[in-house]
Amino acid sequence: MPEMIDIYDKNHQPTGETAPRKGLFLKEGQYMLYALAIIQDPQGRILITQRAHTKHWGAGWWEVSGGGVLAGETSLQAITREVAEEVGLDVSDQEPELVYSYENVDLERGDNYLVDIYRYQLDVTADDVTLQEEEAVDARMATWEQITELKAQGIFLHYDRIRLALEACGQL
């Protein structure tokens, strides 16, 4: 059975349409929804993972947890699921802060999407992480300076948006 997603309008509202995620080509005014999680420890370090080397896109790059919102899910439900799947942390009893949202429009490729970025404050270490092998090969708690160095090496995903999210909530 194909993975199904809801189609959203520019205002983050479901249009009532669903579609298979694979091979999706979105038209003007249609969006897919994604969610990302900034998980910070009490020292302000951020949990990052290194993508599996078998990934089609961004193989071996570093990122924060996140992924696509499935049909019938909210972005908060999706990020709760993604964090559990990707790093083995149960954040279902947490109240994250929605710190930043943005839109991407790429009509040529039909790759229009909205992204909600949530921030969690958790007393967590890399030892608390259980990686999903298909998703990631390494995890660490990183300072913003370490993340900036990974960006300088060209191997950190969503850097500019994560920076804007941290600035929006006063963490940078």
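None of the values given here were measured: they were computed from a predicted structure. (Residues numbered from 1 in each chain as written. Predicted model: local features only at pLDDT ≥ 70, side-chain atom pairs only at ≥ 80, totals over all residues. Heavy atoms only, no water.)

1. Considerations on the environment of Val64
As a reminder of what qualifies: Put simply, DSSP marks the helices as runs of H or I at least four residues long and the strands as runs of E at least two long, and each gets a number from the N terminus on. Any two residues whose heavy atoms approach within 4.5 Å at even a single point are treated as in contact.
Position of Val64 relative to the elements: it lies in the loop between strand S5 (62-63) and strand S6 (65-68). Sequence separation between Val64 and Arg51 is 13 residues; the distance between their C-alpha atoms is 9.7 Å. In contact with Val64, not counting residues within four places along its chain, are Leu36, Ala37, Ile46, Leu47, Ile48, Phe156 and Ile162.

2. Side note on the pattern of salt bridges
The line we're drawing: For salt bridges, the criterion is a side-chain nitrogen of Lys or Arg within 4 Å of an Asp or Glu carboxyl oxygen. A 1.4 Å probe rolled over the protein chains alone gives each residue an accessible area, and that area as a share of the maximum for its type sets the label: buried under 20%, exposed over 50%, partly exposed in between.
Throughout the structure, instances matching the rule amount to 13 salt bridges. Two residues, Asp160 and Arg163, come together in a salt bridge whose shortest N-O distance is 3.9 Å. Here the residue Asp160 and the residue Arg163 both occupy positions in helix H3 (residues 159-168), the gap between them amounting to 3 residues, near one helical turn. Note on Arg163: relative accessible area 26%, which makes it partly exposed. Its salt-bridge partner being Glu167, residue Arg163 comes within 3.3 Å of it at the nearest N-O pair.

3. Describing the side chain of Glu63
Quick note on the threshold: Nitrogen and oxygen atoms within 3.5 Å of one another constitute a polar contact, given that in protein one can donate a hydrogen and the other can accept it, and given that sequence-neighbouring residues count only through two side-chain atoms.
Mapping Glu63 onto the fold places it in strand S5. We classify Glu63 as buried; its relative accessible area is 9%. Among the polar contacts made by the side chain of Glu63, one reaches the side chain of Arg51 at a distance of 3.3 Å.

4. A closer look at the side chain of Asp116
For clarity, the threshold we go by: His is not counted here, nor are the chain ends, while Lys and Arg score as positive and Asp and Glu score as negative.
In this structure, Asp116 sits in strand S8 (residues 113-121). Buried charge without a salt bridge: Asp116, with Arg161 as the nearest opposite-charge side chain at an N-O distance of 11 Å. Within polar-contact distance, the side chain of Asp116 engages the side chain of Ser101 at 2.7 Å.

Note that every value here comes from positions in space, so none of it alone points to a role or purpose.
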